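Descriptive structure summary
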Amino acid sequence: MKPEKLTSITRRTTDQTNTGFKSMTGYGSADLKRKNLLIKTEIRTVNHRFLNLKINIPESLIPFERFIEKEVQQAINRGTVNLTVRIEQADSGQGFKFNHRLLRHYYQKLQNLKRSLNISEDISLSTLLNLPGVLEASEKKEGTVFFLWSAAQKTIRAALADLLLMREREGRRLKKEMEKIIKQMSFLLKKTSSRQPEVVKNYARALEKRVRELMEKSRVNADQGLESDLAREIAFFAQRSDITEEIHRLKSHLNEFQHSLETSSPVGKKLDFLTQEILREVNTIASKSNDTRISLQAVELKNSVEKIKEQVQNIE
């Protein structure tokens, strides 16, 4: 008997080390040939708030569905997971048999459906073999179902390993992009912070100049309370437009975001929360700003947050 052949496993040894930072988008597959059976497993994942598992398996593997769920749950924390196991070929003399009566029934029904819908596509053998009840374990050989599960389990584990590598590669790419954006935001925030004291000074000079000009035009002499009135107005403006606290909180959020990018545990939910808090502070800065430069910087910061938000949605 020829030894079993399992693909999609040995090619992983040269890949990069697991960083733990993963995307929720990925694809993995594995094939196994054993005793004239060809078992194929495919796993596709996309982003989802929680773990949403969808399993499509032959009827012979249904008793092991909970074990398949456990395999997936041990490897994946979040995302929509579509897992499909197919049996492409079989030999009834190797511990399996066909339900010929059911097979003919399926075939006839599919032929009728083709005619009614005017479909020209051929009905493949693999399609028929994956229909419920077509491939059955032989009652003459004990343990055949467990043999099938053992083979399927190997392809599931191999496909999961393949999937995780792709999710990690995509995660590294997303991490680099977000680190670049965070760096740009920190630079913008530094410019905003240094600009803030100048805003109050410019307002004070402009206000005093305007008041002096109005007084000269109306030929009104300055009374003793003018200076104190100007001081109160400037103080009120400084208090109303002060964004010092927002800048400090935003710096803290950006630092925490950067720190979270270095962790090996799933951080998607945390990054999503931090992104919301970052956007909240940026919006406050934009609303309190009375300076054109700061307003433009706030717009750039908001654009950067939107870019990060798109990336975070796909982080496990």
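Placed above this text is the structure.
A brief structural summary. (Residues numbered from 1 in each chain as written. Predicted model: local features only at pLDDT ≥ 70, side-chain atom pairs only at ≥ 80, totals over all residues. Heavy atoms only, no water.)

Okay, the overall build of the protein chain next. Each helix and strand counted, the protein chain has eight helices and seven strands in total. Buried residues in the protein chain amount to 39% of all 316 residues. Long-range pairs, those at least 24 residues apart, make up 80% of the contacts in the protein chain between residues at least 6 apart in sequence. Surface accessibility of the protein chain: about 19000 Å² in total, with carbon and sulfur atoms responsible for 50%. (Helix = DSSP H or I, 4+ residues; strand = E, 2+ residues; numbered from the N terminus. Buried < 20%, exposed > 50% of the residue type's maximum accessible area, 1.4 Å probe, protein only. Contact = heavy atoms within 4.5 Å. Areas by Shrake-Rupley, 256 points an atom, 1.4 Å probe, with all protein chains shown as cover.)

Another point: the packing of aromatic side chains. Across all of its chains, the model carries four aromatic pairs by this definition. Here Phe64 and Phe146 contribute two aromatic rings whose centre-to-centre distance is 5.6 Å and whose plane-to-plane angle is 80 degrees, an arrangement assigned as edge-to-face. Here the residue Phe64 occupies a position in the loop between β4 (51-56) and α1 (65-75), and Phe146 occupies one in helix α4 (residues 144-218), the gap between them amounting to 82 residues. Judged by relative accessible area, which is 58%, Phe146 ranks as exposed. Between Phe67 and Trp149 the ring centres are 6.2 Å apart and the planes differ by 40 degrees, which places this aromatic pair in the tilted class. (Phe/Tyr/Trp six-rings, centres within 6.5 Å; stacked < 30°, edge-to-face > 60°.)

The sheet contact formed by strand β2 (residues 26-34) and strand β3 (residues 37-46) spans nine bridges and is antiparallel. By the bridge assignment for β3, Asp31 is matched with Lys40. Hairpin remark: β2 followed by β3, antiparallel, with two residues in the connecting loop; positive phi at Lys35, about 50 degrees. (Pairing = 2+ DSSP bridges.)

Turning next to the environment of His253. Within the secondary structure, His253 is located in helix α6 (residues 244-261). His253 sits in the buried class, given a relative accessible area of 15%. Residues His253 and Ile278, 25 residues apart in the sequence, show an inter-C-alpha distance of 6.3 Å. Ignoring anything within four residues of it in the chain, the contact list for His253 reads Leu274, Glu277, Ile278 and Glu281.

Below, the discussion takes up helix α2 (residues 100-117). With 18 residues, α2 extends 25 Å between its outermost C-alpha atoms, agreeing within 8% with the 26 Å of an ideal straight helix rising 1.5 Å per residue. Buried residues of α2: Leu103, Gln111 and Lys114, and no others. For α2, the angular spread of the buried residues around the axis is 70 degrees, confining them to a single face. In α2, the exposed residues that point more than 90 degrees away from the buried face are Arg101, Lys109, Ser116 and Leu117. The inward-facing, buried residues of α2 contact α3 (125-129). Once α2 finishes, Asn118 follows within two positions and takes phi at roughly 55 degrees, a positive value. (Expected span 1.5 Å × (residues − 1). Arc of directions from axis to C-beta.)

Inspection of every chain in the model, using the stated rule, returns twelve salt bridges. Among the salt bridges present, the one from Glu316 reaches Arg167, with a minimum N-O distance of 2.5 Å. Linking Glu316 in the segment after α8 (292-312) with Arg167 in helix α4, this pair joins segments that are 149 residues apart in sequence. Owing to a relative accessible area of 3%, Glu316 belongs among the buried residues under this scheme. When its relative accessible area of 0% is taken as the criterion, Arg167 is described as buried. (Salt bridge = Lys/Arg side-chain N within 4 Å of Asp/Glu carboxyl O.)

For Asn118, which is not a glycine, the phi torsion comes out positive at approximately 55 degrees. Inspection of the secondary structure assignment puts Asn118 in the loop between α2 and α3.

Now for the environment of Leu296. Here Leu296 shows up in helix α8. Since its relative accessible area comes to 52%, Leu296 is described here as exposed. Taking the C-alpha atoms as reference points, Leu296 and Thr192, separated by 104 residues in sequence, lie 9.8 Å from one another.

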